[in-house]
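Tertiary structure, described
If you want the building blocks of each chain, they are given just below.
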Amino acid sequence: QQQQQQQQQRRQHYPTVVPSAAPSPAAAKELTALRAERDALKAEVESIRQVNARQERGAQAERRRAKEEVQALEEQVAELRAAEQHLRQQLRQSEAFSAANAQLETENMELRAQLQSLQEASRHPATEHHGDSGACPEMLSAQLEPLDGGLVRLQELSAQLDQALAPDW
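The rules we used
- Residues numbered from 1 in each chain as written.
- Predicted model: local features only at pLDDT ≥ 70, side-chain atom pairs only at ≥ 80, totals over all residues.
- Heavy atoms only, no water.
- Helix = DSSP H or I, 4+ residues; strand = E, 2+ residues; numbered from the N terminus.
- Buried < 20%, exposed > 50% of the residue type's maximum accessible area, 1.4 Å probe, protein only.
- Areas by Shrake-Rupley, 256 points an atom, 1.4 Å probe, with all protein chains shown as cover.
- Expected span 1.5 Å × (residues − 1).
- pLDDT = per-residue confidence, 0-100.
- Contact = heavy atoms within 4.5 Å.
- Salt bridge = Lys/Arg side-chain N within 4 Å of Asp/Glu carboxyl O.

**Here we look at the overall build of the protein chain**
Tallying secondary structure elements over the protein chain gives three helices and zero strands in all. When its helices and strands are written in sequence order, the protein chain yields α-α-α. Counting all 169 residues of the protein chain, 7% fall into the buried class. Working note: accessible area of the protein chain is about 14,900 Å², and carbon and sulfur atoms make up 53% of it.

Structure follows, in structure tokens:
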């Protein structure tokens, strides 16, 4: 009984359509129109799928191009950073050479002043020598010894400066 009740409920809920032997002309016309609409919808769906596929391929190509452009830009940034680092190193060296050059100029001025005073002293012998020419060259040599060391240092620093300022190629 319970099964029969369930079957009856199903039949009432889902009525069975029994095809007639020959559809009416209006039903046939409607069926033809519905089939045509179905075919048109299928064609439209296929067209949309094709458009979608083309758009997806285009989007993939654009993503590839964008990725390649990002890589190229990252490489350029890396090159620019390396160049910047090289220029900063050159700037630090230039500043060091400038300081060394200023030191050389100062030492050079001091050495010239000492040399000039010694030259003047050798032209005008000191009164304590009383014209004794034997003591004067020894004394002059002793006074010139610091100048020799300064001149050697000046030559070394000058050579370093020339080497540093030479082109790097």
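**Points about helix 2 (residues 25-123)**
For helix 2, built from 99 residues, the straight-helix expectation of 147 Å at 1.5 Å per residue is met to within 8% by its first-to-last C-alpha distance of 143 Å. Taken together, the buried positions of helix 2 are occupied by A61, L104, E107, L111 and L118.

**Some remarks on the environment of D162**
Of note, D162 is situated in helix 3 (residues 135-165). Sequence separation of D162 and F97 is 65 residues, and the distance between their C-alpha atoms is 9.7 Å.

**Structural notes on the confidence of the model for the protein chain**
Of all residues in the protein chain, 76% have pLDDT values of 70 or greater, and the mean over the chain is 80. The spread of mean pLDDT over the elements of the protein chain runs between helix 1 (residues 2-13), the lowest at 69, and helix 2, the highest at 91. Every residue in residues 129-133 scores below 50 in pLDDT, and together they form two contacts with partners more than four places removed in sequence or on other chains.

**Topic: the environment of L111**
Inspection of the secondary structure assignment puts L111 in helix 2. Spatially, the C-alpha atom of L111 lies 6.3 Å from that of L147, the residues being 36 residues apart in sequence. The contacts of L111, once residues within four sequence positions are left out, are L147, G150 and L151.

**Here's the deal with the side chain of E107**
Relative to the helices and strands, E107 resides in helix 2. Every residue in contact with E107, bar those within four places of it in the chain, is listed here: R153 and L157.

**Quick word on the pattern of salt bridges**
In the structure shown here, the tally under the stated rule is four salt bridges. With a shortest N-O distance of 3.4 Å, D39 and R38 are connected by a salt bridge. For R38, a relative accessible area of 42% corresponds to the partly exposed category. Between R63 and E56 there is a salt bridge, and its shortest N-O distance comes to 3.2 Å. By relative accessible area, R63 is classed as partly exposed at 49%. With relative accessibility at 37%, the residue E56 sits in the partly exposed group.

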